[in-house]
There are 4 protein chains.
Amino acid sequence: MGIVLGTNQYGKAEVRLVHVDRSTPRHVITDVNVTSQLFGDFSETHLTGSNAAVIATDTQKNTVYALARTGGITTIEEFALRMARNFVDKYDQVTGARQEIEQYGWGRIETSDSGAHDHAFVRAGTETRTVVVTKRGPEETVISGLTDLVVLKSTGSEFWGFPEVEYTSLVETTDRILATAVSSRWRYTSSNVDWDKSFTSVRQILLDRFAGTHSYSLQQTLYAMGQGVLEAHPEIAEIRFSMPNKHHFLVDLSPWGLENPNEVWYAADRPYGLIEAAVTRDDLPADEAAWAGIAGFC
Amino acid sequence: MGIVLGTNQYGKAEVRLVHVDRSTPRHVITDVNVTSQLFGDFSETHLTGSNAAVIATDTQKNTVYALARTGGITTIEEFALRMARNFVDKYDQVTGARQEIEQYGWGRIETSDSGAHDHAFVRAGTETRTVVVTKRGPEETVISGLTDLVVLKSTGSEFWGFPEVEYTSLVETTDRILATAVSSRWRYTSSNVDWDKSFTSVRQILLDRFAGTHSYSLQQTLYAMGQGVLEAHPEIAEIRFSMPNKHHFLVDLSPWGLENPNEVWYAADRPYGLIEAAVTRDDLPADEAAWAGIAGFC
Amino acid sequence: MGIVLGTNQYGKAEVRLVHVDRSTPRHVITDVNVTSQLFGDFSETHLTGSNAAVIATDTQKNTVYALARTGGITTIEEFALRMARNFVDKYDQVTGARQEIEQYGWGRIETSDSGAHDHAFVRAGTETRTVVVTKRGPEETVISGLTDLVVLKSTGSEFWGFPEVEYTSLVETTDRILATAVSSRWRYTSSNVDWDKSFTSVRQILLDRFAGTHSYSLQQTLYAMGQGVLEAHPEIAEIRFSMPNKHHFLVDLSPWGLENPNEVWYAADRPYGLIEAAVTRDDLPADEAAWAGIAGFC
Amino acid sequence: MGIVLGTNQYGKAEVRLVHVDRSTPRHVITDVNVTSQLFGDFSETHLTGSNAAVIATDTQKNTVYALARTGGITTIEEFALRMARNFVDKYDQVTGARQEIEQYGWGRIETSDSGAHDHAFVRAGTETRTVVVTKRGPEETVISGLTDLVVLKSTGSEFWGFPEVEYTSLVETTDRILATAVSSRWRYTSSNVDWDKSFTSVRQILLDRFAGTHSYSLQQTLYAMGQGVLEAHPEIAEIRFSMPNKHHFLVDLSPWGLENPNEVWYAADRPYGLIEAAVTRDDLPADEAAWAGIAGFC
């Protein structure tokens with residue numbers, strides 16, 4: 001019975017980069033967090049400590065900055081692909097790469113006297129745009145996404161009809177608060193897409209469907225969101241969600257003779273419901289390897 | 001030499017409350033985190049364990065929810081004042097109260113087909129609106145504020161002219177990124193103010209001054225922000241700031257023959273500069289007790 | 001081209017439970033965080049909103065508490081297995097379950113006068129013991145682990161011999177600080193193991209190998225740790241690691257005429273190296289499905 | 001009515017430093033987080049942007065590392081005093097300094113074959129040792145402390161006898177879990193103390209009193225802890241506490257016919273009780289300025 005090295009990858013995580021496009025006085029900033037990982041023939045460093053094949057993680061970090069300088073960053077998808085291709089094409093021992101990027105949103109400061117400012121910005125929202133590019137030899141998979149899109153409906157959500165089984169005590173409701181922090185990732189069928197246009201449309205569909213679906217379960221809302229995206233986006237093979245059910249409990253004020261007609265709620269931290277699902281197409285192959293190591297997307 | 005009980009206060013912290021105003025189909029939500037603390041004649045519970053005077057922290061929590069139901073929440077300032085008055089006026093042993101509230105921002109979801117939604121919302125920004133009300137007998141102090149207003153200027157910031165002393169190695173610059181997360185709190189001269197109007201104006205002035213000030217130091221920007229607020233708001237006695245200098249370091253790409261004309265930056269985590277200051281009026285009395293226990297506002 | 005529901009699971013996350021064994025005056029506490037998820041025939045709630053098959057997440061939470069009461073918690077592995085079997089055996093629509101538990105360590109308070117206390121405890125360390133049990137029909141997989149075991153060697157670590165390629169600027173070193181936060185998970189070949197004995201031994205081997213390996217790369221240290229575990233534990237099929245290289249940079253004090261013979265270091269936050277690998281056996285089948293949704297274990 | 005600069009301070013926050021004492025093969029590591037702040041005559045940089053008086057925060061950072069090199073770090077108290085004296089004594093415009101340090105605990109790795117290792121370490125506990133030194137001209141105040149010392153008693157805690165007032169619904173109990181995360185800071189009467197000896201003793205007294213006090217309220221436990229410290233430590237003028245009451249709620253299993261004799265508890269996150277108090281001496285002057293800007297110590 002032999003002990004052997006299994007799957008492995010290594011790199012530099014969370015390289016924080018702010019790119020300022022100064023080509024006009026109206027600056028454009030791109031604020032990202034890049035994690036570069038490589039895989040390939042790296043058994044020697046594990047088995048003997050010889051680093052003769054190792055592209056140092058420090059070098060990967062330098063490459064992030066250098067490629068940002070030489071080619072700019074148009075979209076995180078394009079930049080992650082460029083990173084992956086750089087490593088896989090350039091080094092024999094690198095048979096694959098996984099490039100993960102998070103992007104933080106900024107808007108221009110709206111000033112009182114002259115509107116949107118040329119070079120002063122304010123962070124916009126808790127939401128993060130994400131991409132994971134996996135390249136294995138010539139094969140490239142792009143999974144875009146967003147996290148922490150926090151949404152809430154103050155009505156239009158019900159939950160009833162579940163079976164009363166052992167240890168069930170939950171009471172049915174026809175009017176509750178539905179709140180979640182949407183984390184969603186979607187896999188493209190190609191690496192040649194208008195990334196910004198696709199992202200903007202997907203995000204809007206997610207919001208439209210969350211707002212527009214009269215909900216009988218968070219699962220139903222989730223599926224409606226995914227269905228909407230796949231219907232409108234043939235370039236997307238599948239979309240996955242991890243959505244906490246952020247419970248809001250109606251406070252019982254009856255001990256003090258007070259009604260509470262769905263007005264005063266306690267927003268709980270833990271535990272929370274957790275709903276995870278993929279919405280996919282029945283005529284496309286799966287690509288489970290592309291999802292490896294991504295937390296919370298079953 | 002006697003050992004005695006010194007200053008003390010107690011209460012319930014971080015009562016999470018979401019209030020839904022359903023008076024029209026266009027719901028309004030208020031999402032807050034309330035910390036209620038009382039002080040007064042509570043030596044017995046410390047010295048003997050007798051709780052005969054103790055308004056239970058659980059009761060303070062219930063009061064948050066009950067008062068939200070009976071009077072709604074128009075502004076966090078008004079609600080904190082109402083909380084404080086409730087406790088101080090009602091119980092002899094309660095000589096004072098400190099009510100702290102954080103409010104999280106939400107906007108309406110903009111749907112594709114029908115615009116801003118009636119009852120579907122999305123979290124807006126990382127920013128938090130705050131208030132600390134301190135009431136000692138009849139005296140009330142209101143300190144409003146905001147935290148985590150993250151802003152950045154991609155140019156229009158210099159730093160030079162500092163003395164070269166022992167251990168100085170910093171190089172002067174006439175063009176750097178200036179970034180900070182504004183935490184600011186301002187003390188009112190009265191507890192009878194149009195709170196929302198005042199808050200909205202202060203926030204806009206902070207943004208205007210941050211954007212509009214050509215900066216030679218973060219201290220200078222800070223003072224300009226505070227000065228702007230006091231000039232426009234006679235109802236504000238003083239304003240304090242705690243502002244990290246979130247360093248962005250220009251990446252040196254010269255080893256690879258690349259220029260970097262202020263385009264590619266490394267956003268550092270720690271250490272960071274930390275600038276704290278008050279801007280105040282020379283003809284009004286100080287009120288240091290109102291600031292006790294508030295972190296990072298010297 | 002049809003849009004269909006893909007893989008999905010749902011449940012209650014982060015059920016915080018403290019169990020006190022009071023069978024003798026020397027209490028024993030078990031402090032855990034349980035996430036229960038089910039999979040099976042749940043398409044209806046996604047497609048139509050009918051919850052007729054849904055074991056409510058609230059019921060899953062109640063089950064955590066009820067099973068802790070009826071059977072106690074001997075080990076988190078045993079408890080997770082009991083949870084999974086309860087759901088899969090009891091409900092036709094539940095074809096599988098994933099039960100994830102984190103356990104927080106506590107020690108007894110050592111008092112001055114009478115040593116280890118019977119019922120007073122103090123939190124021990126940042127480290128968390130973990131388990132993920134996946135049950136699909138009769139098949140059960142147990143993956144135990146630990147996270148945030150933070151370790152550091154102040155010498156006995158080198159890094160050199162890496163190729164000088166494009167964008168390489170790192171300087172070779174024969175003496176550096178090596179620091180990491182070990183996250184490791186290992187998959188058992190069976191669900192009938194002396195869990196505590198196995199865990200304790202694995203943890204000790206990880207520490208022994210980290211301390212005892214003269215390191216030429218973090219990869220080498222990682223592999224030595226995994227090899228040690230597999231050599232001593234035939235009941236373990238494979239072990240995986242996700243280990244940040246928490247960089248400590250020697251501070252250059254030469255501008256002020258000061259030597260720094262590896263004494264004064266800057267502990268950096270980001271970026272950090274990230275090394276992930278599996279150490280496995282060449283004569284056992286893989287079980288990739290058991291690792292789905294676990295972050296950072298490629 | 002004039003607008004003027006009020007109190008202000010500035011510096012470098014969270015300078016992460018690991019010092020390795022390599023004077024023998026048995027290395028000793030000191031892992032700290034230093035925040036250096038200065039005050040004095042810094043109005044110019046606020047008012048005009050002239051930095052002629054500004055000791056750059058970068059220089060303060062360099063000073064942390066240089067002083068660690070030239071004098072080592074015996075205790076954080078001694079190091080903070082040395083930092084403060086360096087700045088105040090050296091620069092005319094610096095009339096005062098505030099030096100805050102957090103220290104993270106490490107223990108030696110216990111190896112199977114040779115016991116405690118010479119140069120391999122493991123992080124010990126969630127607890128942090130702290131100091132805040134404030135120097136104003138010749139006057140020095142040392143406030144030592146600790147944070148996040150998480151403790152729990154599984155019995156020996158009661159809470160009853162509180163008045164039933166408006167909005168009270170809490171039920172009395174004679175046996176509950178008492179859990180808290182002790183944050184405590186104590187002010188010395190001098191800056192010439194055996195710091196390690198004093199710290200070690202204070203910490204032990206806190207644990208002894210927490211464990212040994214049959215508790216009728218967290219306030220009572222807190223006071224007993226403070227009293228114990230002051231009785232044993234004449235060099236300490238006062239001690240303050242901020243202690244959350246980390247609620248553990250007994251789970252009601254009666255709907256399923258199960259008793260729950262204080263065995264199965266739900267550990268809640270928020271809200272939590274919050275108890276803050278000072279224990280002091282009646283014959284020593286107060287020093288409120290030393291506590292300014294320290295959160296949560298009323």
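Residues numbered from 1 in each chain as written. Chains lettered and ligands numbered in written order. Predicted model: local features only at pLDDT ≥ 70, side-chain atom pairs only at ≥ 80, totals over all residues.

### Some thoughts on the overall build of chain A
Within chain A one finds six helices and 10 strands. Along the three orthogonal principal directions, the C-alpha set of chain A runs to about 75 × 70 × 40 Å. Put simply, chain A has 298 residues, and 54% of those count as buried. Sequence-distant contacts, at least 24 apart, represent 64% of the contacts inside chain A between residues at least 6 apart. (Helix = DSSP H or I, 4+ residues; strand = E, 2+ residues; numbered from the N terminus. Buried ≥ 20, exposed ≤ 12 C-beta atoms within 10 Å, placed from the backbone. Contact = placed C-beta atoms within 7 Å.)

### As for the interface of chain C and chain D
In this assembly, 50 residues from chain C lie in contact with 50 residues from chain D. Of all the secondary-structure elements, those providing two or more residues to the side of chain C that touches chain D are β1 (3-21), α2 (57-71), β3 (94-111), β4 (115-136), β5 (139-153), α4 (195-212) and β9 (264-267) of chain C. When the residues that make up the side of chain C that touches chain D are grouped by side-chain class, the tally is 26 nonpolar, 17 polar and seven charged. Here three bridges tie β4(C) to strand β5 (residues 139-153) of chain D, and the two strands are oriented antiparallel to one another. Paired with V122(C) across the bridge in β5(D) is V151(D). (Nonpolar A, V, L, I, M, F, W, Y, C, P; charged D, E, K, R; others polar. Pairing = 2+ DSSP bridges.)

### Examining the relation of the copies chain C and chain D
Rotating chain C by 180 degrees about the axis while translating it 0.0 Å along that axis superimposes it on chain D, leaving an RMSD of 0.0 Å. The superposition operator between the copies reduces to a two-fold rotation axis. Taking C-alpha positions as the reference, the residue of chain C nearest the rotation axis is G125(C), at 1.7 Å. A share of 100% of interface residues in chain C that are also interface residues in chain D marks the association as one of identical surfaces. (Least-squares fit on C-alpha atoms with pLDDT ≥ 70 in both.)

### Observations regarding unusual backbone geometry
P271(A) follows R270(A) through a cis peptide bond whose omega is -10 degrees. Assignment of secondary structure puts P271(A) in the loop between β9 (264-267) and β10 (272-281). Positive phi values are uncommon outside glycine, yet Y167(A) reaches one of about 70 degrees. Along the chain, Y167(A) falls in the loop between β5 (139-153) and β6 (178-188). By the C-beta count within 10 Å, which is 23 here, Y167(A) ends up buried. With a phi close to 60 degrees, N262(B) is a non-glycine residue in the positive phi region. Following the sequence through the fold, N262(B) ends up in the loop between β8 (248-250) and β9 (264-267).

### Digging into the interface of chain C and chain A
Between chain C and chain A, the contact holds 77 residues from the first and 77 residues from the second. Those elements that provide at least two residues to the side of chain C that touches chain A are β1, β2 (28-40), α1 (43-47), α2, α5 (218-232), β7 (236-245) and β10 (272-281) of chain C. Top element by residues in the side of chain C that touches chain A is β1(C). It accounts for 14 residues. Here the side of chain C that touches chain A is built from residues that sort into 36 nonpolar, 29 polar and 12 charged. Judged from the nine bridges that link them, β10(A) and β1(C) form a sheet pairing that is antiparallel.

### Some thoughts on the environment of Y223(B)
When you line up the elements, Y223(B) lands in helix α5 (residues 218-232). In the structure, Y223(B) is positioned 21 residues away from P244(B) in sequence and 14 Å away in space, judged by C-alpha atoms.

### Some words on the relation of the copies chain C and chain A
Each copy of the sequence occupies a distinct position, and chain C is placed on chain A by a rotation of 180 degrees and an axial shift of 0.0 Å, giving an RMSD of 0.0 Å. Both copies share a contact surface, since 100% of the interface residues of chain C are interface residues in chain A too.

### Some details on the domain arrangement of chain A
Residue and element names in this part refer to chain A. When the domains of chain A are assigned, the result is domain 1 (8-137) and domain 2 (145-298). Taking only C-alpha atoms into account, the centre of domain 1 sits 29 Å from that of domain 2. With 11 residues of domain 1 at the contact, the number on the domain 2 side is 13 residues. Going through the elements one at a time, α3 (76-90) and β4 (115-136) are the ones with two or more residues in the side of domain 1 that touches domain 2. Per element, the largest residue contribution to the side of domain 1 that touches domain 2 is seven residues, and it comes from β4. (Domains from an automatic or database assignment.)

### Things to note about the packing of helix α4 (residues 195-212) of chain B against α5(B)
All names here are of chain B. Two elements in contact, α4 and α5, have axes separated by 9 Å at closest approach and are oriented at 145 degrees. In the packing of α4 onto α5, the handedness of the crossing is right-handed. Note on element contacts: α5 touches α4 through T221, A224, M225, G228, V229 and A232, opposite S201, V202, I205, L206, D208, R209 and F210. Grouping the constituent residues of the contact of α4 with α5 by class yields eight nonpolar, three polar and two charged. (Axes fitted to C-alpha atoms, helices over the stretch in contact; angles between N-to-C directions. Left-handed = near helix turned anticlockwise from the far one by under 90°.)

### Observations concerning the confidence of the model for chain A
The share of residues in chain A with pLDDT of 70 or more is 100%, and the mean pLDDT across the chain is 97. Per the prediction output, this complex has pTM 0.98; the corresponding ipTM is 0.97. (pLDDT = per-residue confidence, 0-100.)

### Here we look at α5(B)
Helix length check: α5(B), at 15 residues, gives a terminal C-alpha distance of 22 Å against a target of 21 Å (1.5 Å per residue), a fit within 8%. Where burial is concerned, most of α5(B) is hidden: 12 out of the 15 residues are buried. Here α5(B) has its buried residues at L218(B), Q219(B), Q220(B), T221(B), L222(B), Y223(B), A224(B), M225(B), G226(B), G228(B), V229(B) and L230(B). Contacts made by the buried residues of α5(B) are with β6 (178-188), α4, β7 (236-245) and β10 (272-281) of chain B together with β1 (3-21) and α1 (43-47) of chain D. (Expected span 1.5 Å × (residues − 1).)

### Comments concerning the pairing of β5(C)
All names here are of chain C. Counting buried positions along β5 yields 11 of 15 residues, so the element is predominantly enclosed. Bridge count between β4 and β5: nine bridges; the pairing is antiparallel. Pairing of T134 across the sheet is with T141, part of β5. Between the antiparallel neighbours β4 and β5 lie two residues, among them G137 with a positive phi of about 55 degrees. With nine bridges connecting them, β5 and strand β6 (residues 178-188) associate as antiparallel partners. Considered in β6, the bridge of V150 is made with A181.

### Things to note about the pairing of β6(B)
All names here are of chain B. Across the 11 residues that make up β6, a large majority, 10, are buried. Relative to β7, β6 runs antiparallel, the two sharing six bridges. When the sheet's bridge partners are listed, S184 is paired in β7 with F241.

### Focus on the packing of α2(C) against helix α3 (residues 76-90) of chain C
All names here are of chain C. In contact at an axis separation of 11 Å, α2 and α3 are set at 115 degrees when each is read in the N-to-C sense. Two packed elements cross with a definite hand, and for α2 against α3 that hand is right-handed. Mapping the contact onto sequence places T63, V64, L67 and G71 in α2 and R82, M83 and N86 in α3. Across the contact of α2 with α3, the residue classes tally to three nonpolar, three polar and one charged.

### Describing the environment of R123(B)
Topologically, R123(B) is positioned in strand β4 (residues 115-136). Between the C-alpha atom of R123(B) and that of G107(B), which follows or precedes it by 16 residues, the distance is 6.3 Å.

### Things to note about the environment of G105(B)
Residue and element names in this part refer to chain B. As for its placement among the helices and strands, G105 is situated in strand β3 (residues 94-111). Using a count of 16 C-beta atoms within 10 Å as the deciding quantity, one classes G105 as partly exposed. Once the C-alpha coordinates of G105 and D148 are considered, the two residues, 43 residues apart in sequence, prove to be 12 Å apart. Dropping the residues within four chain positions of it, G105 is found in contact with A124, G125 and E127.

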